[in-house]
Amino acid sequence: SEGNKLSHQFFKAIIKSQKRFTYKEVNNLIKTKFKKNKSIDDNILLNIKNLYQVYKILKNKSSIRGALALKISDTKILFDKKGTPLEVQKSKQLESHQIIEELMILANECAAEELQKYSSNNPFRIHERPKPEKVLSLINCIGSPYDKLLKNNNVTGNLFNKIIEQSSNSKDFIKINELILRAQSQARYHNENKGHFGLSLKNYVHFTSPIRRYSDLIVHRKLTNILSKNEIKPAYKQNLSEICEHISNTERNAVIAERNTIDRYIALIYSNKNNQTFNGEIVSVKSFGIFVKFDNHKSEGFIPRRLLPRDNYLFNEKKEFLKGKSNFFKIGMSLIVSIKETDIFKGKILLDYCKHI
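From a predicted model like this one, the values you see are computed outputs, not experimental measurements.

A.B. asks: It is not clear to me how the pattern of salt bridges should be interpreted in this structure. Could you clarify?
C.D. replies: Where charged atoms from two side chains of opposite charge come close, those side chains can pair. If you walk through the whole model with that rule in mind, you get ten salt bridges. Between E251 and R125 there is a salt bridge whose closest N-O contact spans 2.8 Å. Taken as a pair, E251 in helix α9 (residues 234-270) and R125 in strand β3 (residues 124-126) lie far apart in primary sequence, 126 residues in all. A relative accessible area of 25% places E251 in the partly exposed class. A relative accessible area of 10% means that R125 is categorised as buried. Here R182 makes a salt bridge to E320, at a shortest N to O gap of 2.6 Å. Of the two residues, R182 sits in helix α7 (residues 173-183) while E320 sits in the loop between β8 (314-316) and β9 (321-323), which places them 138 residues apart along the sequence. You can call E320 buried: its relative accessible area is 5%.

A.B. asks: Teacher, can you tell me more about unusual backbone geometry here?
C.D. replies: Excluding glycine, most residues fall at negative phi; most peptide bonds, likewise, are trans. A cis amide bond links S144 to the next residue, P145, at an omega of 0°. In this fold, P145 is placed in the loop between α4 (132-142) and α5 (146-152). One non-glycine residue, N275, lies in the positive phi region at around 75°. In this structure, N275 sits in the loop between α9 and β5 (277-286). Positive phi outside glycine occurs at N296, with the angle close to 60°. Along the polypeptide, N296 turns up in the loop between β6 (289-294) and β7 (299-304).

A.B. asks: Please explain the packing of aromatic side chains as it appears in this structure.
C.D. replies: Two aromatic rings, taken as a pair, are described by how far apart their centres are and by the angle between their planes. Applying the stated criterion to the full structure yields 13 aromatic pairs. A centroid spacing of 5.4 Å and a plane angle of 50° characterise the contact between F278 and F294, whose relative ring orientation is tilted. You can see F278 sitting in strand β5 and its partner F294 sitting in strand β6, a full 16 residues away along the chain. The same class applies to F278 as to F294, namely buried. On the numbers, 6.1 Å between centres and 55° between planes, the contact of Y313 with F329 is tilted. Separated by 16 residues along the polypeptide, Y313 in the loop between β7 and β8 and F329 in strand β10 (residues 328-330) bring together distant segments of the chain. Residue class for F329 comes out buried when judged on its relative accessible area of 0%. Connected via pairs of aromatic rings, a cluster forms that spans F34, Y52 and Y55. The ring of F345 has R264 lying over it, and the distance from NZ or CZ to the ring centre is 4.9 Å. The aromatic ring of Y270 is capped on one face by K273, whose charged end is 4.9 Å from the ring centroid.

A.B. asks: Explain the pairing of strand β11 (residues 334-343) here, please?
C.D. replies: Pairing between β5 and β11: five bridges, direction antiparallel. By the bridge assignment for β11, G280 is matched with L335. As paired elements, β11 and strand β12 (residues 348-356) share eight bridges and run antiparallel to each other. Bridge assignment links E341 to a residue of β12, and that residue is L350. Turn length for the β11-β12 hairpin, with the two strands adjacent in sequence and antiparallel, is four residues, and the turn residue G347 shows positive phi of about 70°.

Cut-offs used in this document
Residues numbered from 1 in each chain as written. Predicted model: local features only at pLDDT ≥ 70, side-chain atom pairs only at ≥ 80, totals over all residues. Heavy atoms only, no water. Salt bridge = Lys/Arg side-chain N within 4 Å of Asp/Glu carboxyl O. Helix = DSSP H or I, 4+ residues; strand = E, 2+ residues; numbered from the N terminus. Buried < 20%, exposed > 50% of the residue type's maximum accessible area, 1.4 Å probe, protein only. Phe/Tyr/Trp six-rings, centres within 6.5 Å; stacked < 30°, edge-to-face > 60°. Lys NZ or Arg CZ within 6 Å of the ring centre and 35° of its normal. Pairing = 2+ DSSP bridges.

Structure below.
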């Protein structure tokens, strides 16, 4: 009743799907408090209701143990029927998404625990603590009063969540989430168990998607060997370190390819909006210019130093700001910007500075 796992079991089975649901349909059931529906069998409705109750207990446990609760929206491109990109949107995570997420995390944790009973050499999904230099950069950029919290306390998921919660009603909420995200180490695969900081878990592997991720396929093969009481194949004992490094690299390549694709679509959409003005917020400051999220944080562009108001600027690398005699630019500042030019092939948007807000 408190969400503590009593036991788990792995076995081979065939799934028979009783009903196909979309995330939106399940979310609508949650909103209506699982009101009886002629199109849904009562038993299926009861199952989803029970599943939702389990999710709420698991979500609370995740929060207590310090799983990182960043509020970062995904970017979504809307197309017309001919496949022409029309609009950039920020997609919000539904509660139905979170149900699946919590249960997948639990399944992954169980798989890690099962494999560890037989071998310590597994394709773990690890996420190491933020590096001291990244925490220092976060302290320098996040501003008061959150910088004091970070200076005076041990950095944990719970501490980051406290900062996110305290800033939830402030104008800096999006900025703070993005700064905390930037401070994190990159999650990767490793054959030694180093834990998962973001989920606040000691044991974690990827198990739930063997048809699209090689790490999960290795885990399934290992579990199959355990179930059939065969020894783990020698190839994994010898080459797992190399395999983990390789699949971490291919994952990064896939993420870069996805990001580049979205950036190109965004550049194409804004190529028709030259000279239009937008509200923006500075998300990064470099010696050579500033990066700005604009149009309700849906898109990002760059203002090179040559397009900023003429001034004798000094760049502070630690605190990430540009300071001139008359002008000042730092992370979180609000600006009015306009589209100067777009490079669709490179997925770049060049912005012009209009004024501070």
